[in-house]
Amino acid sequence: MKNKISRNIYFIPYVLWIALFVIAPILLILYYSFFDIEGNLSLINYQKFFTPVYLKMTLSSFWYAFLITGISLIVAYPTAYLLTKTKHKQLWLLLIIVPSWINLLLKAYAFIGIFGTYGVANGFLEAIGIGKQQILFTDFSFIFVSVYIFIPFMILPIFNALDEMNPTLLDAANDLGASRWMTFRRVIFPLTLDGVKTGCQVVFIPALSLFMLTRLIAGNRVITLGTAIEQHFLVTQDWGMGSTIAVFLIIIMFLIMFVTGNRKQGV
């Protein structure tokens, strides 16, 4: 009985945190979404969201988030696999994770210098005879920088899944005559699928709502749902429409978490 009471007491701070910083903000956003720009109670914001402008913006956000997640996965999986084979794998993993501790704004400004007209990238292109190119404020620069920022979050869960895999299963596949490709396809990848899904989840969801990089790196050429929310709250002062977009973004995020969640199957 005492243990049960103690657990309930320790549970109180968690419940308060969730209530104040998760549930309350979501309810507040939902509340504001029912008011138009003049402060009148209305469903006009939800009607506007299903117009071609916002639907196109939603599809664009999904497309860029898909590209960022896909490229991150293609780079991260072999990287994580090679890390598990190195001698000092924890040290190498730490070196990969450390850049994620640097402020996002600092990294964005660093890439502005690298991709700028007189930056390192254009200096290299001039040196090999190609000449200066417009690298900054393009889709390429936006996707490249986004992948660079998110790739540690893709590597870490995949690395953990690979590192926890039982090596005797690989020996068994080898003894049964399986090729390297078949071993990967039938043993390694299925056993690390949970890590892949976790990595895709933690990359796709934030990539769907990017807004700072769309301005600093893409020069507002890329418009996402996150950019639209920022514009409505800070520029047009249409908090209702901004909240409505945020409501749909939250719904989308929950759907993604449900689809990519690790559901245990009964034996």
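Conventions we followed
- Residues numbered from 1 in each chain as written.
- Predicted model: local features only at pLDDT ≥ 70, side-chain atom pairs only at ≥ 80, totals over all residues.
- Heavy atoms only, no water.
- Helix = DSSP H or I, 4+ residues; strand = E, 2+ residues; numbered from the N terminus.
- Buried < 20%, exposed > 50% of the residue type's maximum accessible area, 1.4 Å probe, protein only.
- Contact = heavy atoms within 4.5 Å.
- Areas by Shrake-Rupley, 256 points an atom, 1.4 Å probe, with all protein chains shown as cover.
- Lys, Arg positive; Asp, Glu negative; His and termini not counted.
- Charge placed at Lys NZ, Arg CZ, Asp CG, Glu CD.
- 1 Å grid on protein atoms, 1.4 Å probe; cavity = no way out; pocket = protein on both sides within 12 Å on 5 of 7 lines; lining within 4 Å.
- Points joined across faces, edges and corners; volume = space filled by probe spheres on them.
- Nonpolar A, V, L, I, M, F, W, Y, C, P; charged D, E, K, R; others polar.
- UniProt positions renumbered as here; feature names shortened; annotations may be inferred.
- Axes fitted to C-alpha atoms, helices over the stretch in contact; angles between N-to-C directions.
- Parallel < 35°, antiparallel > 145°, perpendicular 65-115°, else oblique.
- Core = buried A, V, L, I, M, F, W, Y, C linked by side-chain atoms within 4.5 Å.
- Salt bridge = Lys/Arg side-chain N within 4 Å of Asp/Glu carboxyl O.
- Polar contact = N/O pair within 3.5 Å; in protein donor to acceptor, adjacent residues only side chain to side chain.
- Phe/Tyr/Trp six-rings, centres within 6.5 Å; stacked < 30°, edge-to-face > 60°.

1. Examining the overall build of the protein
Along the protein, the regular secondary structure elements total 13 helices and 0 strands. Beginning at the N terminus, the succession of helices and strands in the protein can be written as α-α-α-α-α-α-α-α-α-α-α-α-α. Structurally, the protein occupies a C-alpha span of about 75 × 70 × 35 Å along its principal axes. Burial analysis of the protein (267 residues in total) assigns 37% to the buried set. Partitioning the contacts of the protein with sequence separation of at least 6, the portion at a separation of at least 24 is 69%. Element-wise, carbon and sulfur atoms account for 71% of the exposed surface of the protein, whose accessible area totals about 16,700 Å². Here the protein contributes 18 positively and 11 negatively charged side chains, and the mean placements of these two sets differ by 8 Å.

2. Quick notes on the layout of surface pockets
Size it by volume and the largest pocket reaches roughly 280 Å³. Of all the elements in the fold, those that place two or more residues in the lining of the largest pocket are helix 3 (52-85), helix 8 (167-175) and helix 9 (180-191). Looking at the lining of the largest pocket, the element that brings in the most residues is helix 9, giving 4 residues. In terms of residue class, the lining of the largest pocket is built from 7 nonpolar, 3 polar and 2 charged.

3. Focus: the UniProt feature "domain: ABC transmembrane type-1" (unreviewed entry) in the protein
The sites that carry the UniProt feature "domain: ABC transmembrane type-1" (unreviewed entry) are, in the present numbering, residues 58-260. Helix makes up 77% of residues 58-260 and strand 0%, whereas the separation of the span's terminal C-alpha atoms amounts to 20 Å.

4. Overview of the packing of helix 3 against helix 12 (residues 225-234)
Interhelical geometry of helix 3 versus helix 12 gives an angle of 130° and a closest axis separation of 8 Å. The angle between helix 3 and helix 12 places the two elements in the oblique class. Residues Tyr54, Met57, Thr58 and Ser61 of helix 3 form the contact with helix 12, whose participating residues are Leu225, Ala228 and His232. Along the lines of polarity and charge, the residues of the contact of helix 3 with helix 12 split into 4 nonpolar, 3 polar and no charged.

5. Quick word on the nonpolar core
For soluble globular proteins, the rule of thumb is that nonpolar side chains tend to be buried together. Membership of the largest hydrophobic core comes to 61 residues, with the highest contact counts inside it found for Ile68, Phe142, Ile158, Leu213, Ile217 and Ile245. Per element, the largest residue contribution to this core is 12 residues, and it comes from helix 7 (residues 139-163). Every residue in contact with Leu213, bar those within four places of it in the chain, is listed here: Leu104, Ala108, Phe142, Val145, Ser146, Ile149 and Ala218.

6. Description of the UniProt feature "transmembrane region" (unreviewed entry) in the protein
In the numbering used here, UniProt assigns the feature "transmembrane region" (unreviewed entry) to residues 12-34, 62-84, 91-115, 135-159, 202-219 and 239-259. Within the segment residues 12-34, helix and strand shares are 91% and 0% respectively, and the terminal C-alpha atoms sit 32 Å apart.

7. Quick word on the pattern of salt bridges
This structure, assessed with the given rule, holds 3 salt bridges. In this structure, the salt-bridge partner of Lys89 is Asp163, at a minimum N-O distance of 2.6 Å. Taken together, the residues span a long stretch of sequence, with Lys89 in helix 4 (residues 89-97) and Asp163 in helix 7 at a distance of 74 residues. Judged by its relative accessible area of 23%, Lys89 is partly exposed. On the accessibility criterion, Asp163 (32% relative accessible area) is partly exposed. The shortest N-O distance in the salt bridge between Arg215 and Glu230 comes to 3.4 Å. Here Arg215 is found in helix 11 (residues 212-216), whereas its partner Glu230 is found in helix 12, with 15 residues between them in sequence. On the basis of relative accessible area, Arg215 is assigned to the partly exposed category, the value being 35%.

8. Remarks on the environment of Ser141
Considering the arrangement of structural elements, one finds Ser141 in helix 7. We classify Ser141 as buried; its relative accessible area is 0%. Each C-alpha atom, one on Ser141 and one on Ile44, is 36 Å from the other, the two residues being 97 residues apart in sequence. With near-sequence residues (within four places) excluded, Ser141 lies in contact with Phe115, Ile135, Leu136 and Ile217. Within the structure, Ser141 has its side chain in polar contact with the backbone oxygen of Ile135 (distance 3.3 Å).

9. Some remarks on the packing of aromatic side chains
Going through the model one piece at a time under the given rule, you end up with 25 aromatic pairs. Ring centres of Phe111 and Tyr148 lie 5.1 Å apart, and the angle between their planes is 65°; this geometry places the pair in the edge-to-face category. Residue Phe111 is located in helix 5 (residues 104-115), and its partner Tyr148 is located in helix 7; the two are separated by 37 residues in the primary sequence. Arranged with centres 6.4 Å apart and planes meeting at 55°, the rings of Phe115 and Phe140 form a pair that is tilted. Of this pair, Phe115 sits in helix 5 while Phe140 sits in helix 7; the two residues are 25 residues apart in sequence, bridging distant segments of the chain.

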